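# Reading the structure
Listed below, chain by chain, are the residues.
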Amino acid sequence: MQDHAPFLERVFQIPPSEGSYDIEDVTGTIPPYLRGTYYLNGPCLFRRDGQAYRHWLDGDGMVTTLRFENGTVHNAHRFVRSTKYVEESTAGHFVYRTFGTGFEKLKRGLGLESPVNVSAYPYDGKLLAFGEQGLPWELDPDTLETSGEFNLGGRLTPITPFSAHPKFDFETGEMFNFGIAYAAAEPVLNVYHCDGHGNLKSRHRHKLGYPCSVHDFGLSPSYTIFYLSPYLLDMNELMRQGKTLQDALHWTPERGSTLFIASRKSGEAVASIPIGNKYSLHLVNCFEEGGKLVVDMLELDRPVYDQYQIIPDLFTDVSEGYPARLVIDLDKKEIESRTELPYRLSPDFASVRPDLWMKPAPDFWLLGISATGKPGRKFFDQLVHGNFDRTSVDDIYQAPPATYLGGEPVFLPNPSNPAEGVVICQIIDAEKQETAFGLFDPYRVAAGPVAVLRQHAPVAPCFHSTYRLN
Ligand SMILES: [Fe+2]
C-alpha cells in the first residue's frame, strides 16, 4: 500500500508539552489590526508507560490559545485536568476505556470518561473545553488552569449527554447544544437552550427512530437543524461486551438519513425530511432567506471515525465528500434544491466569516486530504477556500510533502472591517516535529501563508477552533 503521509507517525509522537510565551519566530507580518484570541483544542497525549492509543479521538485534550495584540502574539497551551487526565497522570498509565482503545474502566460503569479534546469556546466569561462525550470543563481563560466540570449551575449531571459542538448566537450570547441518550428502547435527542449567563432556559426531548451517533448540528435565527444518519451505537456492546465506542458503532445506510428541524423558540419539531443515505459529521452554516431555510454542510459517502485509526495509519480508506447547500421549503417540508460543490477530497472542519454566522455567507474555508481515493495512509494537507454562491472551489493551498495541516481554519477579522482578515490553521512539519500557525489571505489561500508563527514547543494536530475579539 502506498504511503501518502510520510512521517505521520511522528505527529502522534510529539512530546506533550505545556507552555506560555510570546511567539517571536515569525516569518512575514502579523496584521497589526488583529486584536483577539484564538482558541484550539485537540488530542495531544497518545502514550503513557509503553501503552499507545489506537484512535485519533483517544488522546487527552490540550487547549491552545493565541492572543493577538498590536502585531504580537502570545501563545499558551495546557492540558485539561479532567478526571481522566488527573487519575491517569497519578497512576502513570492509561486506565479508562476510550473511543478506540479497549481499557476496562468506564465512567460510573455507564460510558466513557471524557478526554475533553474536541473544542473550546468562551461562554459567560468562562472558557469551556468540550469532549465528544461528557460535560464540558471550565478553564481560566488566561492561565488555562482547569477549575472543574461545568454543569450549568447543577442543571446537568455527570451523565447528561452534552455534545462537543455547542452553537452560539453572538448577538444574544445564547448557547444551544444537544446530546443523544442512546438507550436502545427509546433513544432520545435532547436539545438545550441556555441564556448568555449560564442558565438553562429549556431542554426538549425528541424521540429518535434509531440510536444514531450525531456529532454536530446547525443553528439559524429560528431553528436548530440535525443531520441524522444511521450510524448506530449499540450500548449493550459498549457496556456489557467490553467493546470500544468505535467497535460498537455500526453504519446501516439502508435505514436512510433524515434532516430534523426544530424551532429555536418553542423547541418543538418543525420538520423531519428524508435526505438520502449519506453522512454528515459537520455542518457549515445555516440561515433563512426569502422564507426558506438554507443549510450549508459537509456531506460524506459514509462515516469517517473508523478512518481515525489505527494510529499512525489514518484515513487509509477514507470516503469522498463535498460541501453541499440545501434549500428547505418549510411550508412543504421538503428539500427545494440541493447543490453539491466540486471538491470531493474528504472535506472537514469548515467555517465561515464570524460576522456572517447564521447569515448568507458565501465564502467558506476547510481542510481536505489530497490523496483521497488512493489506498494508503494520508492526512489533511490542503487548505481550501470555496464559495457557495458561485458553487466554486478553486482556491486551494497544497502543503509541501510531509507537511500536514490541523485545526479548523477560522477567519480572524479586522475589527473595523469584518470582510478583511486572515484565515489561520496549524502547519505541522512531521519529520522535524515542528509546528506553527499559518495566517493566509482568506481570498487567496493558494498563494501560501502570509505569515508563519512558529511555536517553541510543538502541539499535535488539533480539531476545532474559534476566535473572539479581545
Ligand atoms: Fe467536530
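Structure first, text after, so check above.
Residues numbered from 1 in each chain as written. Predicted model: local features only at pLDDT ≥ 70, side-chain atom pairs only at ≥ 80, totals over all residues. Heavy atoms only, no water.

This part takes up the overall build of the protein chain. When you go through the protein chain residue by residue, the secondary structure sums to three helices and 34 strands. Computed over C-alpha atoms, the radius of gyration of the protein chain comes to 21 Å, within 12% of the 23 Å expected from 2.2 N^0.38 for 470 residues, which places it in the range of a compact globule. The buried share of the protein chain, taken over its 470 residues, is 61%. For the protein chain, the distance from the average position of its 43 positive side-chain charges to the average position of its 59 negative side-chain charges is 4 Å. (Helix = DSSP H or I, 4+ residues; strand = E, 2+ residues; numbered from the N terminus. Rg over C-alpha atoms; globule rule 2.2 N^0.38 Å. Buried < 20%, exposed > 50% of the residue type's maximum accessible area, 1.4 Å probe, protein only. Lys, Arg positive; Asp, Glu negative; His and termini not counted. Charge placed at Lys NZ, Arg CZ, Asp CG, Glu CD.)

Attention now goes to the nonpolar core. Ranked by internal contacts, the top residues of the largest apolar core, which has 126 residues, are Trp56, Phe68, Tyr308 and Phe315. It is strand 31 (residues 417–429) that provides the largest number of residues to this core, a total of six residues. Among residues more than four places away in sequence, those in contact with Phe68 are Ile30, Leu34, Arg35, Gly36, Tyr38, Val73, Leu412, Ile424, Leu453, Tyr467 and Asn470. If you look at the next biggest cluster of nonpolar residues, it comprises 18 residues, including Ile225, Leu283, Val295 and Met297. (Core = buried A, V, L, I, M, F, W, Y, C linked by side-chain atoms within 4.5 Å. Contact = heavy atoms within 4.5 Å.)

Okay, the pairing of strand 22 (residues 283–289) next. It is a general feature of regular strands that their side chains alternate between the two faces of the sheet. Of all seven residues in strand 22, five are buried; the element is thus mostly enclosed. Where strand 22 meets strand 23 (residues 292–300), six bridges bridge the pair, whose relative direction is antiparallel. Opposite Cys286, over in strand 23, you have Val295 as the bridge partner. Linking strand 22 to strand 23, which pair antiparallel, is a turn of two residues; within it Gly290 sits at a positive phi near 60°. (Pairing = 2+ DSSP bridges.)

Now for the sheet that holds strand 6 (residues 60–69). Pairing is antiparallel across the open sheet formed by five strands, whose spatial order is 1-7-6-3-34. Of all the strands in the sheet, the pair left with one neighbour each is strand 1 (19–22) and strand 34 (465–469). Strand-to-strand twist of the sheet, defined as the mean angle between neighbouring strand axes without regard to direction, takes the value 15°. (Axes fitted to C-alpha atoms, helices over the stretch in contact; angles between N-to-C directions.)

What the rule picks out here adds up to 25 salt bridges. As a salt-bridge pair, Glu18 and Arg81 come within 2.5 Å of each other at their nearest N and O atoms. Taken together, the residues span a long stretch of sequence, with Glu18 in the loop between helix 1 (8–11) and strand 1 and Arg81 in the loop between strand 7 (72–79) and helix 2 (83–91) at a distance of 63 residues. Classification of Glu18 by relative accessible area gives partly exposed; the value is 35%. Residue Arg81 is classed as partly exposed on the basis of its relative accessible area, which comes to 27%. Three or more residues are tied together by salt bridges with common partners; here these are Asp3, Glu9, Asp313 and Arg377. (Salt bridge = Lys/Arg side-chain N within 4 Å of Asp/Glu carboxyl O.)

Pairing is antiparallel in the open sheet, where four strands are placed in the order 16-17-20-21. In the strand order of this sheet, the two ends are held by strand 16 (218–219) and strand 21 (269–274), each with one partner. Bridge count between strand 16 and strand 17 (residues 223–228): two bridges; the pairing is antiparallel. Opposite Gly218, over in strand 17, you have Ile225 as the bridge partner.

Quick look at empty space enclosed by the protein now. By the definition in use, this model includes six cavities of 30 Å³ or more. What the largest cavity holds in volume is close to 480 Å³. If you trace the largest cavity, you find 30 residues lining it, with Tyr121, Ser351, Trp357, Glu408 and Ser465 closest to the centre. For the lining of the largest cavity, the residue count by class is 17 nonpolar, eight polar and five charged. Considering only enclosed or pocket space, the second largest cavity measures out at about 70 Å³ in volume. Along the wall of the second largest cavity there are 13 residues; nearest its centre are Val191, His204, Ser263, Arg264 and Gly267. When contributions to the lining of the second largest cavity are tallied by element, the ones reaching two or more residues are strand 14 (188–194), strand 15 (200–207) and strand 20 (258–263). (1 Å grid on protein atoms, 1.4 Å probe; cavity = no way out; pocket = protein on both sides within 12 Å on 5 of 7 lines; lining within 4 Å. Points joined across faces, edges and corners; volume = space filled by probe spheres on them. Nonpolar A, V, L, I, M, F, W, Y, C, P; charged D, E, K, R; others polar.)

With respect to the helices and strands, the residue Lys84 is situated in helix 2. We classify Lys84 as buried; its relative accessible area is 0%. Here the side chain of Lys84 touches Tyr53 through a polar contact of 2.7 Å, side chain to side chain. (Polar contact = N/O pair within 3.5 Å; in protein donor to acceptor, adjacent residues only side chain to side chain.)

The coordination sphere of the iron ion contains the protein donors His165 (NE2), His215 (NE2), His282 (NE2) and His464 (NE2), at a distance range of 2.0 to 2.1 Å. Coordination at the iron ion is irregular: its four donor atoms span angles of 90 to 166° at the metal. (Donors = N, O, S within 2.8 Å, 3.2 Å for Na, K, Ca; no water. Tetrahedral: all angles 85-135°; square planar, octahedral: opposite > 155°, others 65-115°.)

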